[in-house]
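Below are the chains, spelled out letter by letter.
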Amino acid sequence: MTLYPDEARVRTWLRPPTSAAMLLPGLLLVLTFLVLPFIWTLVISLTNQQMLGPHAASWSWVGLDNYARLFDPATWLSRGGFGWSLWLTVQFVLCSAVLGQAALGLALAWTLYGQHGVVREAVFSLAIVAWILPDTVVAFAWLAILHPDQGAINVALGALGLGQPDWLYHHAMLALVLFNAWRGAAFSMLLFSAALAGIPPSYLEVATVTGASGWQKFRDLVLPLLQGAIITDLMLVILWTFNTFTPFLLTGGGPSQTTEVLSIYTYHTAFEGSLDFGRGAAISTVVLLVNLLLGLVFLAYVRRHRLHP
Amino acid sequence: MLRRMFGLALVSTAMVTLFAACSPSASGLRTIPVSQAETAASPVPATAVALPPAEPIKLAINCGCVQGGDGDNAYRWLTEVVTPRFEGKMREEGKTVHLEVIPGVVDAEALKKQHALDIKARQGADILAFDGFWTPEFVAAGLLKPLDELAGPAVNAWEGWAHIPPPLQAIMGYQGRRYGIAEGTDVRGLWYRKDIFKDVGLPDGWQPRSWDDIFAAARLIQQKRPDVVPLQVIGGTVNGEATTMQGWYPLLLGTGVNVYNFDTNKYTSGQAMIDALNFYKRVYVDEKLGNPRWQLVKGGRDQSQTAFHDGKIAIYAEGDYLWRAVLTEGDTALPNKESLVGWAAMPATAPGKGIRGQDYVTVSGGTGYVINPNTAHPTEAWALMSTMFSKESLDGFQKIEPRIRVRDDVAVPNDPLMTALAKQMLPLTTTRPADPSYPAVSVAIQQATERVIDGEQTPAEAAAAFEKRLTEIVGADRVERSR
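Note that the structure is predicted; figures quoted are calculated from it, not measured.

Engineer: Before we go on, may I ask you to explain the sheet that holds strand E10 (residues 266-270) of chain B in this structure?
Structural biologist: Hydrogen bonds between backbone groups are what pair the strands of a sheet, and the pairing can be parallel or antiparallel. All names here are of chain B. Taken together, 3 strands build an open sheet; the order of strands is E9-E10-E16 and the sheet is mixed. Lying at the two open borders of the sheet, with one neighbouring strand each, are strand E9 (260-261) and strand E16 (479-482). Sheet topology note: the E9/E10 ladder contains 2 bridges and is antiparallel. From the neighbouring strand, Tyr260 faces E10, where its bridge partner is Tyr267. On top of the sheet, helix H11 (residues 271-286) reaches E10 and E16; it is set at about 65° to E10, its chief contact.

In structure tokens form, the structure reads like this:
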């Protein structure tokens, strides 16, 4: 079956020489801005290069030394080690991205599904505002919100007689989780709202007529239909949260490295003291490999289940 | 059709504007090709009268200061005193030079990174505000050039050098070469709130003779004024070099040891480090005389300065920076500081136990300005430096911020406390190692104080971890045991 009269001509046209030429600009961009920097990082990670100090002018190849130090069993899980930081990152991602953003976003989207009126508009507007504001503005606002004495959270807790915890000192990771959930739930909510709008209303009407409860409709109808959207959303928010640097603006990784997630750990290693680029590059490489691995897992899942994200 | 063309025109205009905004010249920073920088350094013949009037030259100075905030004193000095003097002087020489003071990063650690990245990328303002102890590290990396190499013989012919004692020239120097000029030098000590001292019955003119005297006073304050923090000794990694310089260094010197043996060029490690760290343990863990939050939370130093300003800290270990800058600038200005704040010298652990057998100890450093090796106008940049550090300009600075200046012909006016401080402490002072590895060692020191303050390690464990890191940084052959 031909779709349109010229199809045969177009097919000839799209054979390798022409199609390759068309791919070339895109490939060049990917090569220049993704592949080459990655290779460059990889190369630096095999050196003891620093930006300042004695190893800046005369650096040398150190092989896999930088990697060996990251995974040194004696130190890697202790405070300030790579494993310590990785474990903090896993906690941060599970709590703030999976639960805080994806689950909360889905709950909000489902709660507001099919509703019209002030409440829906208000929640949507506020969530989107939280999402579109620049990082520095948001971080500054949250430093005020989390202030132990005058912060909005503690004023509210104090009025309820629930005490006034020092968030950034005693519960720094929890504060970051709350912050990141607040920051990103809007994206998931929007994505799920759009996906929900794509479900034919008749499905849900039939379910209602046959006496399904709200939870049953959600579990047996909405969840399976949203599977593709959920996978896409999880992939995006997990990768974004894994790599976000905004927590630095709130805690700087402290107190005592209790919130030193991988992005901050990389920054501290690469830009502290003599700007230790060799070690920093080694961490970046491992972080990049973790990102690649996560991406591949998602893609494999999507392919196996024939989902269309 | 017309609408589409209009749209196209709008989009292309927007694109052009965007690209223009992104180009280096619009941001006030320039990319200077090597060849241009080199040709600009060659002296212009004096007979160049017939040439058309030269293009106005633009010089920029990254002051690491903010108008009305941190560094407001320097900002006022540069804009109110230096700019008119310098531009006038250049006009007399027949040159049109515009000086732009770029306010910016005030956090010292961030400023250092900015400078390193700027210089490496052949960018940055012509003159950079700089902390003297960064000099060896930058020079070793090839990121700074000696002043005379940049600007020629005019540098060594400057009248000012005769008035700056060699140790103060060395603040912004390395291996006998000069890379910049310091604004002044500083000393450290214990600052106390006279109002709190009066409340608890401690004397005005308080002077502890040993560490025990400090603890005795702090304990008394803890009992009688539980609403204030008795003692603030800065620590932790978030506070950067301030931890090392204001908090830890005077403690270590009080045990009789310096972290660097200037005779053998080796770093020291051992019992003295444990003793110094033990001071932190007593303050923050054992006796709870200080607030660990300010040592561990981002922005802690600013918060503690505000607390001292508000009368919420009784004894505060800091440099004279607290007196002359913090208590005169922005939100922490204290107009009646003379009646509210007193000063005492930092004692050794016990009389005679400090370095060189001293009763009291202090350490000095200094911040100043260097010439960016990428400048397109090294001759004018040096003319600016020599104007900034002329007697007249520094006298103008003294009216804004009286302090110990580098020039011996610039007195400290109308500030008896600063004058007394300089007279008593300068003969007792010492310096940090002028070594490219020192900043990395300093980070390891900050780490050790942090581990002790948060209770993660004992002083002995933290000192052992420090020694391990020190050996990693400088090599085992450059570490020796102290007492």
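Engineer: Quick question: what am I supposed to make of the interface of chain B and chain A here?
Structural biologist: Much of the literature gives interface size as the accessible area that the parts lose upon coming together. Contact residues are listed per partner, giving 21 residues for chain B and 20 residues for chain A. Sorting the residues of the side of chain B that touches chain A by element identifies helix H4 (108-120), helix H5 (135-140), helix H12 (293-296) and helix H19 (438-453) of chain B as the ones contributing at least two each. Among the elements that make up the side of chain B that touches chain A, the one with the highest residue count is H19(B) (4 residues). Class assignment for the residues of the side of chain B that touches chain A results in 11 nonpolar, 2 polar and 8 charged.

Engineer: What should I look at first to understand the confidence of the model for chain A in this one?
Structural biologist: Interpretation of the predicted coordinates at a detailed level should be avoided for regions scoring low in pLDDT. Per-chain confidence: chain A averages 90 in pLDDT, with 97% of residues scoring 70 or above. Across chain A, the element-wise mean pLDDT spans from 74 in helix H1 (residues 7-13) of chain A up to 95 in helix H5 (residues 82-111) of chain A.

Engineer: Before we go on, may I ask you to explain the sheet that holds strand E11 (residues 313-319) of chain B in this structure?
Structural biologist: Residue and element names in this part refer to chain B. In space, the 4 strands of this open sheet follow the order E8-E11-E7-E12, with mixed pairing throughout. Lying at the two open borders of the sheet, with one neighbouring strand each, are strand E8 (229-232) and strand E12 (341-344). Looking at each pair of strands side by side, their axes are set apart by 20° on average, direction ignored. Alignment of strand E7 (residues 188-193) against E11, held across 5 bridges, turns out to be antiparallel.

Engineer: Explanation requested: the pairing of strand E3 (residues 127-131) of chain B in the structure shown.
Structural biologist: Walk down a regular strand and you will see the side chains alternate between the two sheet faces. Residues and elements named next belong to chain B. Burial of E3 is extensive: 5 of the 5 residues sit out of reach of the surface. Note: strand E1 (residues 57-62) against E3, 2 bridges, orientation parallel. Each bridged residue has a counterpart across the sheet, and for Asn62 the counterpart in E3 is Leu128. When E3 meets strand E15 (residues 367-371), the two strands line up antiparallel, connected through 5 bridges. What sits directly across from Asp131, in E15, is Thr367.

Engineer: Would you explain the packing of H19(B) against helix H20 (residues 459-474) of chain B in this entry?
Structural biologist: Any two packed helices are characterised by the angle at which their axes cross and by the distance between the axes. Residue and element names in this part refer to chain B. Between H19 and H20, the least distance of the axes is 9 Å, while the angle of their chain directions is 165°. As far as their axial angle goes, H20 and H19 are roughly antiparallel. Along this stretch, H19 crosses H20, giving a crossing that reads as right-handed. From H19, Ala440, Val441, Ala444, Ile445, Ala448, Arg451 and Val452 reach across to H20, where they touch Pro459, Ala462, Ala463, Ala465, Phe466, Arg469, Leu470, Ile473 and Val474. Its residues assigned to classes, the contact of H19 with H20 shows 14 nonpolar, no polar and 2 charged.

Engineer: Hey, could you run me through unusual backbone geometry in this one?
Structural biologist: Backbone geometry follows two general trends: most residues other than glycine have a negative phi, and most peptide bonds adopt the trans configuration. The amide bond that connects A:Gly254 to the next residue, A:Pro255, takes the cis arrangement and shows omega of -5°. Mapped onto the fold, A:Pro255 is located in the loop between helix H14 (247-251) and helix H15 (262-271). For A:Gln257, which is not glycine, the phi torsion reads 65° and is therefore positive. The buried category is assigned to A:Gln257, around which 25 C-beta atoms lie within 10 Å. Positioned with a positive phi, B:Asn265 is a non-glycine residue whose angle comes to about 55°. With respect to the secondary-structure elements, B:Asn265 resides in the loop between E9 and E10.

Rules of the game
- Think of each chain on its own: its residues are numbered from 1, step by step along the sequence as written.
- Chains carry letters from A onward and ligands carry numbers from 1 onward, assigned in written order.
- Given that this is a predicted model, residues contribute local features only at a pLDDT of at least 70 and side-chain atom pairs are listed and counted only at 80 or more, while totals for whole chains, interfaces and linings are drawn from all residues.
- We call two strands paired when DSSP finds no fewer than two bridges between them.
- Helix and strand labels come from DSSP, where a helix needs a run of H or I of at least four residues and a strand needs a run of E of at least two; each type is numbered from the N terminus.
- Residue pairs qualify as contacts under a 7 Å threshold applied to their C-beta atoms, which are placed from the backbone.
- A fitted line through C-alpha atoms serves as each axis, taken over the contacting stretch for helices, and the angle formed by two N-to-C directions is quoted from 0 to 180°.
- Think of it as three bins: nonpolar holds Ala, Val, Leu, Ile, Met, Phe, Trp, Tyr, Cys and Pro, charged holds Asp, Glu, Lys and Arg, and polar takes everything else, Gly as well.
- Each residue carries a pLDDT score, the predictor's confidence in it, ranging from 0 to 100.
- Exposure in this text rests on C-beta crowding, where 20 or more other C-beta atoms within 10 Å of a residue's own make it buried, 12 or fewer make it exposed, and counts in between make it partly exposed. The C-beta atoms are placed from the backbone.
- Roughly parallel means an angle under 35 degrees; roughly antiparallel means over 145; roughly perpendicular covers 65 to 115; every other angle is labelled oblique.
- Crossings are assigned a handedness: left-handed for a near helix turned anticlockwise from the far helix by less than a right angle, right-handed for a clockwise turn.

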